[in-house]
Amino acid sequence: MKYLLILGLLFSALQLSAQQRLNFNKDWKFKLDEQRGAEKLSYKDNDWRVLNLPHDWSIEGEYDKDHPMGGQCGYLPAGIGWYRKTIKVPQDWKGKKIRIAFDGVFMNSTVWANGRKLGNRPYGWISFEYDITEEVEKEETITFAVRVDNDAQPSARWYTGSGIYANTWIDIKEKVNIPTDGVFIKTKENRVQIATEVKNESQKKAKGTLITDIVDQDGKVVATTVQKFSLLKEDQTTVEQELTIDSPKLWSTTSPYLYKAVSRVIVKNIEEVYTTRFGVRDVEWKPESGVWINGENIKLQGVCNHQDAGALGAAVPDKILRFRLEQLKKMGVNAIRTAHNPQTPQFYDMCDEMGLIVMDEIYDGWHKKALNDYGAHYFKEWWNRDLTDWIKRDRNHPSIIIYSVGNETRGDEAAKALVERCHELDDTRPVTSGHSGSDYMDVFGVNGHSEKKGFFDHLKTDRVFIGTENTHTFQVRGFYRTLTWYRDGYPCVRHQPYEYPDLTEEEVFTYDWTTSAKKANYKQLFNSSYDNAMVRLTSRQNIEQLRDIPNYAGSFRWTGHDYIGEATFVHGGWPFKSFMGGAIDMANFEKDLYYLYQSQWTETPMVHILPHWTHPTLEEGVEIPVWVYSNCDEVELFFNGKSLGKQTPGQSWDKMQYQWMVGYQTGTLQAVGYNNNKVVTEETIATADQPSKIKLSIDGEPLTNTKEDIVQLRVTSTDAKGEVYPYGENRNFFKVLGTGYVKALDNGSPVDVEKHYLATDRIGFYGLTRGYIESLEASGDINVIVGSILGDKRLMTSKKVSIDVQKMALRGKEAKGSFSVFYTTDGSEPTTASTKYNQSFEVELGTTVKAIVLFNNKEVLRMYERFAEDEGFEMDPVVTAINPGGDQAEDAAFDQVTISSQGANFNGNGFIDFGKNQGGYIEWYQENDGSEGEYTLKIRYSASKRDIQEHKVLLTINGESQELILKAVDKYRNEWKEYEVNVVLQSGANTIRLTSIQANGLCVDELKAI
């Protein structure tokens, strides 16, 4: 949160030398894979790629089922990467203390300066710095080398990114200085207590003065204090100061007022200036009523979010990060949990400015939760240093009101040490964890277990309670089902879910992303946007509980935005690449769920209708539940101009949506919201014809006259009238004119595994495509051209094909000129001699249409689209697989065994053959988002009886082992049995390993945990 100023004040008696923080992101060199000797000064890096930081090399790569990141981390490439940068040492650095600082490097970074190893930091989500004064004093140039090792995978349970994904800095200080993060500010009522570390890094005794001013947002000094200090050489002290602000303006979620503490260190005739931003607010935690800020009882209406932003990976541009936070704020969110690691420093600055409360979390686990994560290899050695650096960095942010030290983890010894260290470093904030169950926590945080039916009937009131990961519902933007779905079935005794009725007796909608026969796993389902797909309870009931239960302090839904990774456990793995529990998808498009929260958590009048009203495969008259989310006094629904009546909102969860059963026919739905009997808002949707046009628009702020600025382009598929075509999945092609380029493309689809980075084209997903366009220079016109060959990909509703090209000025003047389009339908490459496009035309199944687009007689796009029975969404009725199967052995981790498909009646794509190998194993990852408890494991196997009748294996769960005997079957590899065993699975991550002890002809097909 530190803002370091270069001041030019004119004092005749003082030489001002304010601490400087120089951005160090430009012109790094990068090369992927191991580069032997690259840390040495003599190494030649002439062929390395030149880039600017922040940088995430994983998101630049291709998705691949065989990448070692796997489904946990999103199937992207990991590996080892090197960065180098050479600079001339400015003369005014001589005699100063110079450090190089990194806001975040994932992971296992080692840094050298002129061949000298500065240090290593394993944790990928921590900020750190190194002293380079030695090189500055001795040399005229410095070459930095950074090795980043993210090779051992999976290194987390979600997508991490790889590389220097955050800002880098050079800090220039006097030898008597305030160390990094050396200012700690506490406030109570109108009093401000400031503890300032002052360090003497010279070889002489130093005497000086610390002057601290508090400055308001108008630049007015509202309080001042002065304190003298004396330091021996290489000594350090902490100066305690207290100031009073008359009638301070308080920081809150609705009025996030910020002050600055300006610290001036004066030694002899040199003054150095530091600035720290803070807010004045009083926070109280009361078990019976939760959180109080400035005397007001605040419910934490929260979400959890990971670091990545879809197509942009972990290196999220500030503008996109700010957009996402503002998006959540407009949804009604007032709190964010940084799951499950610290975010980059600018995240907290933005939350301070917006009035977003933060639960600042540092660790996922205190032990192994993924094969090669921090908990598995580094926690014991590094936790104290990393936690110390984290709290000292973040503790002045008024947005942070609570720390979390873990997630679905365990260990009272670790919990005690973590909490005590947090209290030592910051005694103003309580500490919690997501479902560690430790009594050492100040605040009782519970994840999915807090969703159970009856949980609040037995909730203790000795501590404040927070639903740290609550609730878990799943939804794909634009996808609907009227039958209720539970991830683990209903009734599930372990989860004790609430019972929710189906919206209709039989399923209304049958379209799907593919057929059941093509799904590799029974979990590979899209989930409904009606808020009827969950683990234990709906989002609506969670909202009701939070609102009405006094000692329910806050709830952090999983998640705000969809994210890459964690694609296997819930969603069945490849081609599913992401987790789809967000209210907003990976491309920053809002789902219907977003508007549910907005209707309950905001006051600006709004209405939102779901589902869309384009259902070409439905018979007329089939009744569809039409829902409207609104925060108005009354809502009236019109169908083709006829009123279907008004409804008033209810307080219970099942009355939060207004519902009308409407017999389907083409037409228009209009929802009108009334306050005090006056129309205050409305929304209209209509049936769309076949797709024939695209529409371009900008989400968020436009491009500015700066280099490396970014803009979010929305491409919408529409019919000829401009109505959104909700099944739009035609490919969009992009071309940028001027001083810009396409940085990445996305569409929010959880199953689209095309490359994002520097892509030139991408399919639409339920009518939308996202383009991220970045400026190359600070000035110059930038226009974007987007074209598409449009039509129903299966020709079910129409054989008509249209070609549309649109142009938009993103910065500066609009490019003048005209388009001409030429196309073919026989598969040949089009030229200017091909058919010129003037109007829509018809094609038959199996046709590939290709087209070229000329702008001012110069080719700008080359496009294609195939229309066939095996293209696009499945619109015919989809039959659910009879045998849903379990977690496939061939998709698990394994060693000294082989994958086979020689046999019959197995599930998935194959099975694991142990052969005669003793010591070969399979290892599954199992997530338990509830509390520790007893499960039944079902191991599906086939065993030969030719040599032995009983095959022995060792079942090891989280280090605890037992021997199992699997009896032989009559028809080896054709007959499959299930072996059942009762086991205990801990909360959070579990590893389940089957190791061969004595086997000869043993095959394992899958595992179920029930």
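Now for a look at the structure at hand. (Residues numbered from 1 in each chain as written. Predicted model: local features only at pLDDT ≥ 70, side-chain atom pairs only at ≥ 80, totals over all residues. Heavy atoms only, no water.)

This brings us to the overall build of the chain. A tally of regular secondary structure across the chain gives 9 helices and 66 strands. Scaling as 2.2 N^0.38, a compact globule of 1010 residues should have a C-alpha radius of gyration of about 30 Å, and the chain matches this with 30 Å. When burial is assessed residue by residue, the chain has 63% of its 1010 residues classed as buried. Restricting the contact set of the chain to residue pairs at least 6 apart, pairs at least 24 apart contribute 72%. For the chain, the computed accessible surface area is about 38,800 Å², with 46% contributed by carbon and sulfur atoms. (Helix = DSSP H or I, 4+ residues; strand = E, 2+ residues; numbered from the N terminus. Rg over C-alpha atoms; globule rule 2.2 N^0.38 Å. Buried < 20%, exposed > 50% of the residue type's maximum accessible area, 1.4 Å probe, protein only. Contact = heavy atoms within 4.5 Å. Areas by Shrake-Rupley, 256 points an atom, 1.4 Å probe, with all protein chains shown as cover.)

Sheet architecture is open: 4 strands sit in the order S39-S38-S41-S42, paired in antiparallel fashion. Of all the strands in the sheet, the pair left with one neighbour each is strand S39 (642–647) and strand S42 (678–686). Across the sheet, the mean angle from the axis of one strand to that of its neighbour is 20°, orientation sign disregarded. Note: strand S41 (residues 668–675) against S42, 8 bridges, orientation antiparallel. When the bridges of S42 are listed, Leu669 appears paired with Ile685. (Pairing = 2+ DSSP bridges. Axes fitted to C-alpha atoms, helices over the stretch in contact; angles between N-to-C directions.)

The 4 strands are arranged S43-S44-S48-S46 in an open sheet whose pairing can be described as antiparallel. Each having just a single partner strand, strand S43 (693–699) and strand S46 (740–746) make up the two edges of the open sheet. Strand-to-strand twist of the sheet, defined as the mean angle between neighbouring strand axes without regard to direction, takes the value 30°. Relative to strand S48 (residues 768–775), strand S44 (residues 710–718) runs antiparallel, the two sharing 7 bridges. Among the inter-strand pairings, Val715 is bridged to a residue of S48, identified as Thr769. Here helix H3 (residues 318–331) sits on the sheet in contact with S43, S44 and S48, set at roughly 60° to S44.

Attention shifts here to helix H9 (residues 592–601). Each α-helix winds once per 3.6 residues, and so residues spaced three or four apart point in a common direction. Counting buried positions along H9 gives 8 out of 10 residues, so the element sits mostly inside the fold. Every buried residue of H9 is accounted for by Asp592, Leu593, Tyr594, Leu596, Tyr597, Gln598, Ser599 and Trp601.

What follows is about the packing of aromatic side chains. Counted by the stated rule, this structure contains 65 aromatic pairs. Ring centres 5.2 Å apart and planes at 20° place the aromatic pair Phe102 and Phe128 in the stacked group. Note that Phe102 is positioned in strand S7 (residues 97–102) and Phe128 in strand S10 (residues 128–131), a separation of 26 residues in sequence. You'll find Phe102 and Phe128 in the same group, each marked buried. Considering the side-chain rings of Phe465 and Tyr552, the 5.4 Å spacing of their centres and the 45° angle between planes classify their relative orientation as tilted. Of this pair, Phe465 sits in strand S30 (residues 465–467) while Tyr552 sits in strand S33 (residues 552–558), and the two are 87 residues apart along the sequence. Like Tyr552, Phe465 is buried. Here Lys286 stacks its cationic end above the ring of Trp292, 4.4 Å away from the centre of that ring. For the cation-ring pair, Arg481 lies above Tyr511, with the distance from its terminal atom to the ring centre recorded as 5.8 Å. (Phe/Tyr/Trp six-rings, centres within 6.5 Å; stacked < 30°, edge-to-face > 60°. Lys NZ or Arg CZ within 6 Å of the ring centre and 35° of its normal.)

With 8 of its 10 residues buried, helix H8 (residues 539–548) lies for the most part within the structure. Those residues of H8 not exposed but buried are Ser539, Arg540, Gln541, Asn542, Ile543, Glu544, Gln545 and Leu546. Where H8 is buried, its residues contact strand S24 (300–305), S33, H9, strand S37 (623–630) and strand S40 (657–663).

It is worth spelling out the environment of Arg116 at this point. Turning to its location among the elements, Arg116 is positioned in strand S9 (residues 116–121). C-alpha of Arg116 to C-alpha of Lys40: the two residues are 76 residues apart in sequence and 8.4 Å apart in space. Those residues in contact with Arg116 that lie beyond four places of it in its chain are Val111, Asp131, Ile132, Glu134 and Glu135. A distance of 3.3 Å separates the side chain of Arg116 from the backbone oxygen of Asp131, its partner in a polar contact. A distance of 2.6 Å separates a polar atom in the side chain of Arg116 from a polar atom in the side chain of Glu135. (Polar contact = N/O pair within 3.5 Å; in protein donor to acceptor, adjacent residues only side chain to side chain.)

Counting 161 residues, the largest nonpolar core has Tyr83, Ile132, Tyr363 and Leu387 as the members making the most contacts within it. Not counting the four nearest positions on each side in its chain, Leu387 is found in contact with Ile362, Tyr363, Val405, Leu418, Arg421, Cys422 and Leu425. Judged by nonpolar contacts, the second largest core, of 26 residues, contains Val897, Trp924, Leu964 and Leu966. (Core = buried A, V, L, I, M, F, W, Y, C linked by side-chain atoms within 4.5 Å.)

What follows covers the environment of Thr461. Here Thr461 is to be found in the loop between strand S29 (444–446) and S30. When the C-alpha positions of Thr461 and Asn551 are compared, they lie 7.6 Å apart, and in sequence the two are 90 residues distant. Not counting the four nearest positions on each side in its chain, Thr461 is found in contact with Pro287 and Asn551.

Among the secondary structure elements, Gln475 is positioned in the loop between S30 and strand S31 (485–486). By relative accessible area, which is 3% here, Gln475 ends up buried. A polar contact is formed between the side chain of Gln475 and the backbone oxygen of Gly581, at a distance of 3.2 Å. Beyond its immediate stretch of four places on either side in the chain, Gln475 contacts Asn527, Ser528, Ser529, Arg557, Met580, Gly581, Gly582, Lys591 and Leu593.

What follows concerns the pairing of S10. Covered by surrounding structure in S10 are Phe128 and Tyr130 only, the residues Glu129 and Asp131 on the alternate face being uncovered. Sheet topology places S7 next to S10; 4 bridges connect them, and they run antiparallel. Each residue of the ladder has a partner; that of Ile100, found in S10, is Tyr130.

Moving on, we get to unusual backbone geometry. Omega for the bond connecting Ala339 with His340 falls within 30 degrees of zero, at -15°, which places this linkage in the cis form. That bond from Tyr490 to Pro491 is cis: its omega, -5°, falls within 30 degrees of zero. Among the secondary structure elements, Pro491 is positioned in the loop between S31 and strand S32 (533–534). With a phi close to 55°, Asn294 is a non-glycine residue in the positive phi region. Residue placement: Asn294 occurs in the loop between strand S22 (290–293) and strand S23 (296–298). The class for Asn294 is partly exposed, based on a relative accessible area of 26%. Positive phi, normally seen in glycine, also occurs at Glu708, with a value near 60°. In this structure Glu708 comes out as partly exposed when scored by relative accessible area, which is 31%.

What follows covers the environment of Glu634. Tracing the sequence through the fold places Glu634 in strand S38 (residues 634–639). Along the chain, Glu634 and Val419 lie 215 residues apart, while their C-alpha atoms are 49 Å from each other. For Glu634, the contacting residues outside a window of four places in its chain are Lys646, Gln647, Thr648, Val672, Gly673, Tyr674 and Asn677.

With that settled, consider the pattern of salt bridges. Counted by the stated rule, this structure contains 80 salt bridges. The salt bridge partner of Asp427 is Lys186, with a shortest N-O separation of 2.9 Å. Of this pair, Asp427 sits in the loop between helix H7 (412–425) and strand S28 (431–434) while Lys186 sits in strand S14 (residues 183–188), and the two are 241 residues apart along the sequence. A relative accessible area of 24% places Lys186 in the partly exposed class. Residue Lys721 pairs with Asp719 through a salt bridge whose shortest N-O separation is 2.9 Å. (Salt bridge = Lys/Arg side-chain N within 4 Å of Asp/Glu carboxyl O.)

Another point: the packing of H8 against H9. How two helices sit against one another is set out by the angle between their axes and by the gap between those axes. As a packed pair, H8 and H9 sit with axes 11 Å apart at the nearest point and diverge in direction by 25°. The pairing of H8 with H9 is recorded here as roughly parallel in orientation. The way H8 lies across H9 gives a crossing that is right-handed. On the side of H8, the interface is formed by Ser539, Arg540, Ile543, Leu546 and Arg547, while H9 contributes Leu593, Leu596, Tyr597, Gln600 and Trp601. Partitioning the contact of H8 with H9 into residue classes produces 6 nonpolar, 2 polar and 2 charged. (Parallel < 35°, antiparallel > 145°, perpendicular 65-115°, else oblique. Left-handed = near helix turned anticlockwise from the far one by under 90°. Nonpolar A, V, L, I, M, F, W, Y, C, P; charged D, E, K, R; others polar.)

Its place among the elements puts Thr614 in the loop between strand S36 (607–610) and S37. In this structure Thr614 comes out as buried when scored by relative accessible area, which is 3%. Leaving out residues up to four positions away in the same chain, Thr614 has contacts with Tyr664, Ala686, Thr687, Ala688, Pro726 and Tyr727.

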